[in-house]
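# Descriptive analysis of the structure
What follows is the residue order along each chain.
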Amino acid sequence: MDVIQAIIIGIVQGLTEFLPISSSAHLVFITNILGVQESLAFDTMLHLASLVAVVSYFRKDLLHMFRSFLSSLKDIPRGEFKKGIQEDPFKRLAWLILFGTIPAGLMGLLFKDFFESLFTNLLAVGFFLIVTGLLLWGSERVSTGDRSVKDMGLKTSLIIGIAQGCAIAPGISRSGATISAGLFLGLERELAARYSFLLSIPIIIAAGLIQVQEIGSVLDNNAAAFIAGFIASAVAAYLAIKLLLKIIKERSLMMFAYYCWIVGLLTIIFSILY
């Protein structure tokens, strides 16, 4: 893989990581189009670039949440934990993200090998893209958008966490599944997106820690391409976050549903004919 190929793949991954159109599916497409062999280490590097983007974008919220989380731990011996969670939205959000991460972690451990085997199955990728479109379409039709952070509880975070776990399947968009779950549960539109983005952070960190040794060894052999892909992915991911937050406040997500249906159907047709 050369530098230009790495930049193209990085841009595609960065944009599709947070736009609800499945980064895993598009990585399958772009690597096949460019004739590049997929590299787990490079994929992990690109996800770490997404981590840089989301942490950079939400840095103020994350700092506030971290301080609030530490404060909530101090509330426990004082018997004020429940009161603090109810009164401070940042304390509540920090714990909701912590609990919401559990389902995806467990599902990843249990089903990772099975879903990774589907990455070379274009029929499966196309099918799951259509599922992503259906989730976006359905959530837009039933969403009330009237629940704030104070209305979120453990059940809400676990359901959205399960939706995130389902995104192990190639073609199921992580952001699409989690945002749709939030909208199905009646969350405010911007909150559904923000919670989705913040919920991605622990999972990306975990994946990066697992692959950190392999990343180091590959960097020695192709450092220029990896670094170029990393920067391209980080910039694209940051812009994707900014764009989606604007879209979800001002417009419908149906454009992404239509996109997933079209690409999913074309993928299925291609897999059958070729």
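For the structure, check the block above.
Attention in this report is confined to the structure presented alongside it. (Residues numbered from 1 in each chain as written. Predicted model: local features only at pLDDT ≥ 70, side-chain atom pairs only at ≥ 80, totals over all residues. Heavy atoms only, no water.)

## Thoughts on the overall build of the chain
Formally: Here a helix means four or more residues in a row that DSSP labels H or I, a strand means two or more in a row labelled E, and each is numbered from the N terminus. We compute the radius of gyration from the C-alpha atoms alone; for a globule the expected value is 2.2 Å times N to the 0.38, where N is the number of residues.
Helix and strand counts for the chain come out as eleven helices and zero strands. Taken from N to C terminus, the helices and strands of the chain fall in the order α-α-α-α-α-α-α-α-α-α-α. Taken over C-alpha atoms, the radius of gyration comes to 19 Å for the chain, in line with the 19 Å a tight globule of 274 residues would show. Projecting the C-alpha coordinates of the chain onto the three principal axes gives extents of approximately 60 × 45 × 35 Å.

## What to know about helix α11 (residues 254-273)
As a reminder, the rule being used: Expected span of a helix: the number of residues minus one, times 1.5 Å. Only protein chains enter the calculation, and the probe is 1.4 Å; a residue is then buried if its accessible area is under 20% of its type maximum, exposed if over 50%, and partly exposed in between.
Taking 1.5 Å per residue as the helical rise, α11 with its 20 residues ought to reach 28 Å, and the 29 Å between its terminal C-alpha atoms agrees with that figure. Every buried residue of α11 is accounted for by Met254, Phe256, Ala257, Cys260, Val263, Gly264, Thr267 and Ile268.

## Remarks on a nonpolar patch on the surface
Filter applied, for reference: Like charges are joined within 9 Å and nonpolar side chains (Val, Leu, Ile, Met, Phe, Trp, Tyr) within 5 Å, but only among residues with over 30% relative accessible area and no salt bridge; these make up the patches. In short, Shrake-Rupley with a 1.4 Å probe defines the accessible areas, and a residue's cover is counted only from the protein chains shown. A side-chain nitrogen of Lys or Arg and a carboxyl oxygen of Asp or Glu constitute a salt bridge if their distance falls within 4 Å.
On the surface, Leu123, Tyr258, Ile262, Leu265, Leu266, Ile269, Phe270, Ile272, Leu273 and Tyr274 cluster together to form a nonpolar patch covering roughly 1,100 Å² of accessible area. Here the nonpolar patch takes eight residues from α11, the largest share from any one element. Inspection of the secondary structure puts Ile262 in helix α11.

## Re the nonpolar core
We count it as follows: Among buried residues, the Ala, Val, Leu, Ile, Met, Phe, Trp, Tyr and Cys ones that are joined through side-chain atoms within 4.5 Å form a nonpolar core.
Val54, Ile179, Tyr195, Phe197, Leu253 and Phe256 are the most contacted members of the largest nonpolar core, which totals 57 residues. Of all elements in the fold, only α2 (23-34), α3 (40-57), α6 (89-116), α7 (122-142), α8 (154-166), α9 (174-184), α10 (189-250) and α11 reach the threshold of two or more residues within this core. It is α10 that provides the largest number of residues to this core, a total of 16 residues. The next biggest cluster of nonpolar side chains, apart from the first, holds twelve residues, and it includes Ala6, Ile9, Leu46 and Phe226.

## Quick word on the state of the cysteines
Quick reminder of the rule: Here, a disulfide means two cysteine sulfur atoms that sit within 2.5 Å of each other.
Applying the stated criterion across every chain yields a total of zero disulfides. Sulfur of Cys166: no disulfide; nearest cysteine sulfur belongs to Cys260 and is 15 Å away. Owing to a relative accessible area of 38%, Cys166 belongs among the partly exposed residues under this scheme. Its relative accessible area of 0% is what places Cys260 among the buried residues.

## Remarks on the environment of Pro170
What counts here: Whether two residues are in contact is decided by their heavy atoms: any pair within 4.5 Å suffices.
With respect to the helices and strands, the residue Pro170 is situated in the loop between α8 and α9. Beyond its immediate chain neighbours, meaning those up to four positions away, Pro170 contacts Ser22, Ser24, Phe115, Leu118, Phe119, Ala124, Val125 and Phe128.

## Things to note about the packing of aromatic side chains
To be explicit about the condition: Stacked, tilted and edge-to-face are the three classes applied to pairs of Phe, Tyr and Trp rings, where Trp contributes its six-membered ring and a pair requires centres within 6.5 Å; stacked means planes under 30 degrees apart, edge-to-face means over 60, and tilted covers the rest.
Enumeration over the complete set of coordinates arrives at ten aromatic pairs. Aromatic pair Phe18 and Phe197: ring centres 5.3 Å apart, planes at 90°, arrangement edge-to-face. Taken as a pair, Phe18 in helix α1 (residues 3-18) and Phe197 in helix α10 lie far apart in primary sequence, 179 residues in all. What makes Phe18 buried here is its relative accessible area of 0%. Arranged with centres 4.8 Å apart and planes meeting at 45°, the rings of Phe42 and Phe226 form a pair that is tilted. Residue Phe42 is found in helix α3, and its partner Phe226 is found in helix α10; the two are separated by 184 residues along the sequence. By the burial criterion, Phe42 is buried, and Phe226 matches it.

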